[in-house]
Amino acid sequence: MKRRVILFCATLVSLAARTAAAGDSPDLAGFVLGSACLTCHAAGGAIAPLEGREAVGLAEQLDGFRDGTRAGTVMPRLARGLDDAQIARIAAWLAAREVSR
Amino acid sequence: MSALTRRHFLARAGVALGATALARSAFAAPARIVVIGAGFGGATCARYLRELDPTLAVTLVERERTVATCPFSNLVIAGLAGMDRIAHGFLGLRAAGVEVVHDSAVAVDAARGEVRLAGGRRLGYERLVVAPGIELRLDAVPGYDAAAVSAMPHAWQAGAQTLLLRRQLAAMPDGGVVLIAPPGEPFRCPPGPYERASLVAHYLARHKPRAKILILDAKDGFSKQALFEQGWAARYPGMIEWVAGSQGGLVERVEPARGVLVTESGFTEHRGDVVNFIPPQRAGAIAQAAGLADESGWCPVDPRDFASTRVPGVHVLGDAAQAGAMPKSGFSANSQAKICAAAIVAALRGETLPAALWTNTCYSLVAPDYGISVAAVYRVDNGTINAVPGAGGVSPLDAGADFRRREANYARAWYASISRDTWG
Ligand SMILES: Cc1cc2nc3c(=O)[nH]c(=O)nc-3n(C[C@H](O)[C@H](O)[C@H](O)COP(=O)(O)OP(=O)(O)OC[C@H]3O[C@@H](n4cnc5c(N)ncnc54)[C@H](O)[C@@H]3O)c2cc1C
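Calculation criteria
Residues numbered from 1 in each chain as written. Chains lettered and ligands numbered in written order. Predicted model: local features only at pLDDT ≥ 70, side-chain atom pairs only at ≥ 80, totals over all residues. Heavy atoms only, no water. Helix = DSSP H or I, 4+ residues; strand = E, 2+ residues; numbered from the N terminus. Contact = heavy atoms within 4.5 Å. Areas by Shrake-Rupley, 256 points an atom, 1.4 Å probe, with all protein chains shown as cover. Lys, Arg positive; Asp, Glu negative; His and termini not counted. Charge placed at Lys NZ, Arg CZ, Asp CG, Glu CD. Pairing = 2+ DSSP bridges. Axes fitted to C-alpha atoms, helices over the stretch in contact; angles between N-to-C directions. 1 Å grid on protein atoms, 1.4 Å probe; cavity = no way out; pocket = protein on both sides within 12 Å on 5 of 7 lines; lining within 4 Å. Points joined across faces, edges and corners; volume = space filled by probe spheres on them. Near = heavy atom within 4 Å. Polar contact = N/O pair within 3.5 Å; in protein donor to acceptor, adjacent residues only side chain to side chain. Nonpolar A, V, L, I, M, F, W, Y, C, P; charged D, E, K, R; others polar. Parallel < 35°, antiparallel > 145°, perpendicular 65-115°, else oblique. Left-handed = near helix turned anticlockwise from the far one by under 90°. Buried < 20%, exposed > 50% of the residue type's maximum accessible area, 1.4 Å probe, protein only. Arc of directions from axis to C-beta. Buried area = accessible area lost by both parts, 1.4 Å probe. Salt bridge = Lys/Arg side-chain N within 4 Å of Asp/Glu carboxyl O.

### Focus: the overall build of chain B
For step 1, the next point in the chain: For chain B, the helix and strand inventory stands at 11 helices and 25 strands.
For step 2, the next point in the chain: Considering only contacts within chain B whose residues lie at least 6 apart along the sequence, 65% involve residues at least 24 apart.
For step 3, the next point in the chain: Accessible surface, chain B: about 15,600 Å² in total, of which carbon and sulfur atoms supply 53%.
For step 4, the next point in the chain: In chain B, 43 positive and 37 negative side-chain charges are present, and the distance between their average locations comes to 6 Å.

In structure tokens, the structure reads:
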């Protein structure tokens, strides 16, 4: 799990650099993986809102749901559909979003 | 849409729309996107098109002033919620810069890039998104025609039908029989009929405890079957009986005046005090009129961007589309709409759409404090949308009451969240 987290951090730094360079254009690669999370985790809802949260923490929690170290009702079933790179992308995309709209 | 570069897009749009549309995109006037239908698919697509590219001129055509959702309409039928709980207006979408037009789309002229509305207005587009939901087939089962709908409500489109079924249940005598007859696949919301049976049983158990529910199914199995049957045995013992299609469940004819469903080549007649007949379905009428549907009644699409394979410049979303392994659900429609919005924005910019994942989760309430779910993550492989192996699945059969209670609470939280995500 530690090694994975280090990998996430490295990917996140390079993602952040790329996003900054892209200027205005939206992070479509993050959007087409992460926007489905908002269907359940919309701002202001009873299922923990995720937008604007710290990326490393999000990635760690997803990793935990995926490898079974963290229990849940539906998240383990969903997280098992994601690979390391997708988790890093999604975490970076969610972290970069404004908190409320 | 990974292969769809700007040149491809322009070529495709050029075929569809002629030289004027090309000139428009070349001079960077705001691209015009028209969306037909403001349910889970259309409303989500309109909202996220504006979020991803605020320069787009997005017009959403919806015939209703407020939409009533099918999700949670089973609570209304069971007397556990009012219609206001499932009604959504359009202030949020308007605030997001979407132009909402209340009218019916009656024709699509793909060669000119134009949608014609019942009121006479014509809307020009560079891209069209069609998300009209379903049309009930009133020609499929003898006896179930337009008149039968008011005697034997389907309540498979929410609104007046939901309230009619509610009133019939309230008027039914104790000791009466409720017939529920679900169709074969594919149809809107595979677990929906069984959630309905559950919540109707919840109502009957409290108000008409001698009543019975008989489900006459066209199929030999159904979504989350083991979980539903476990829940029925625990909460409504002896109240719900399910008959598989091959065991005499398949309804061949209906007699609305007598409240009768006829099965087994006429050998058996089932009479109900309340009859909820859910007929086979097809893509909404505008999809048929626009030539988007094939002989199956549903619309074939490119799985990457939900572009119609039959009419260029048009995308089809939600229940109307043939979406590979994805079920026809509000969640699926919402998920497809987001990827479609991103695909349209990428194409307009000449970018390639990165690899996407789609998601679905269908919660069902066996009782207000008893929730179950089925979930999956999807991706495109071998040219179609398949579930990612190893992920997804249904709630565990051996879970305790606390797990079921938490999922019931998450079902309500999901409904609030997807409503906000869809209509703002
Ligand atoms: C009882 C029941 C329970 C359900 N529960 C769930 C659930 O818990 N979770 C879930 O995910 N899904 C659920 N569903 C499924 C869900 O309702 C559908 O899958 C979903 O509505 C599909 O979205 P859509 O955008 O394709 O169509 P719709 O939501 O039906 O939206 C289509 C819209 O287009 C409009 N329209 C159609 N034609 C025209 C036209 N020509 N011009 C203008 N407007 C037009 C209609 O008025 C409508 O508002 C349930 C369904 C039922 C019946």
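### Describing the side chain of N276 of chain B
For step 1, the next point in the chain: Looking at where N276 of chain B falls in the secondary structure, it is placed in strand 17 (residues 274-277).
For step 2, the next point in the chain: Residue contacts for N276 of chain B: discarding those within four places in its chain leaves P153, H154, A155, L165, L179, I180, A181 and R196 of chain B.

### Some words on the sheet that holds strand 5 (residues 99-101) of chain B
Residues and elements named next belong to chain B.
For step 1, the next point in the chain: The strand order across the open sheet built from five strands is 5-2-1-9-20, with neighbouring strands paired in parallel fashion. The sheet is open, and its two edges are formed by strand 5 and strand 20 (314-316), each paired on a single side. Going from strand to strand, the sheet's axes swing by 20 degrees on average, the running direction of each strand aside.
For step 2, the next point in the chain: Its contacts with the sheet put helix 3 (residues 40-52) on strand 1 (32-36), strand 2 (57-61) and strand 9 (127-130), and the angle it makes with strand 2 is roughly 165 degrees.

### Points about the layout of surface pockets
For step 1, the next point in the chain: Quantified by volume, the second largest pocket comes out at close to 710 Å³.
For step 2, the next point in the chain: Top element by residues in the lining of the second largest pocket is helix 3 (residues 55-67) of chain A. It accounts for four residues.

### Quick look at the site of the ligand
Residues and elements named next belong to chain B.
For step 1, the next point in the chain: In the neighbourhood of the ligand, 35 residues make up the surrounding shell, with G41, E62, R188, D319 and G330 lying closest.
For step 2, the next point in the chain: Contact distances for the ligand include 2.7 Å between an oxygen atom and a side-chain N or O atom of E62.
For step 3, the next point in the chain: Here a nitrogen atom of the ligand sits 2.9 Å away from a polar atom, N or O, in the main chain of A105.
For step 4, the next point in the chain: Protein coverage of the free-state accessible area of the ligand, which is 1,000 Å², stands at 93%.
For step 5, the next point in the chain: If one sorts the elements of the shell around the ligand by residue count, helix 10 (residues 330-349) sits on top with three residues.
For step 6, the next point in the chain: For the shell around the ligand, the per-class residue count stands at 17 nonpolar, 10 polar and eight charged.

### Here we look at the packing of helix 3 of chain A against helix 5 (residues 84-96) of chain A
Residues and elements named next belong to chain A.
For step 1, the next point in the chain: It is the contact of helix 3 with helix 5, at a shortest axis distance of 8 Å, that shows an interaxial angle of 140 degrees. As summarised for this structure, helix 3 and helix 5 are arranged oblique, according to the angle between their axes. Helix 3 and helix 5 meet at a crossing whose hand is right-handed. Between helix 3, through A55, L58, A59, L62, D63 and R66, and helix 5, the contact on the second element is made entirely by D84, I87, A91, A92, L94 and A95.

### Examining unusual backbone geometry
Residues and elements named next belong to chain B.
For step 1, the next point in the chain: In this model, E185 is joined to P186 through a cis peptide bond whose omega is -5 degrees.
For step 2, the next point in the chain: Within the secondary structure layout, P186 lies in the loop between strand 11 (177-181) and helix 7 (192-207).
For step 3, the next point in the chain: We note that K224 has phi near 55 degrees; this positive angle belongs to a residue other than glycine.
For step 4, the next point in the chain: Checked against the element boundaries, K224 lands in the loop between strand 12 (212-216) and helix 8 (225-235).
For step 5, the next point in the chain: Judged by its relative accessible area of 6%, K224 is buried.
For step 6, the next point in the chain: One non-glycine residue, E264, lies in the positive phi region at around 50 degrees.

### Remarks on helix 8 of chain B
Since one α-helical turn is 3.6 residues long, residues separated by three or four positions face the same way.
All names here are of chain B.
For step 1, the next point in the chain: Regarding helix 8, the residues found buried are Q225, L227, F228, G231 and W232. Down the axis of helix 8, the sector holding all buried residues measures 165 degrees, keeping them to one side. With respect to the buried face of helix 8, the exposed residues turned more than 90 degrees away are A233 and A234.

### Examining the sheet that holds strand 12 of chain B
What links the strands of a sheet is backbone hydrogen bonding, and the strands pair in either a parallel or an antiparallel sense.
All names here are of chain B.
For step 1, the next point in the chain: In spatial order, the strands read 13-12-11-17; together these four strands make up an open sheet with parallel pairing. Taken across any chain shown, the strands that pair with only one partner, and hence form the sheet edges, are strand 13 (240-243) and strand 17. The average undirected angle you get between the axes of adjacent strands in this sheet is 15 degrees.
For step 2, the next point in the chain: Relative to strand 13, strand 12 runs parallel, the two sharing four bridges. Within the sheet, the bridge partner assigned to I213 lies in strand 13 and is I240.
For step 3, the next point in the chain: Against the sheet, helix 6 (residues 160-171) contacts strand 11 and strand 17, and its axis sits at roughly 155 degrees relative to strand 17.

### Examining the interface of chain B and chain A
For step 1, the next point in the chain: Of the residues lining the interface, 42 residues belong to chain B; the matching set on chain A comes to 29 residues.
For step 2, the next point in the chain: Of the roughly 2,900 Å² buried where chain B meets chain A, counting both sides, 62% is carbon and sulfur surface.
For step 3, the next point in the chain: On the chain B side of the contact with chain A, K338, L357 and R420 of chain B bury the most area, a combined 19% of that side's loss.
For step 4, the next point in the chain: Where chain B packs against chain A, one counts two salt bridges.
For step 5, the next point in the chain: Among the secondary structure elements, those contributing two or more residues to the side of chain B that touches chain A are helix 3, helix 10, strand 22 (358-367), strand 23 (370-381), strand 25 (393-394) and helix 11 (401-423) of chain B.

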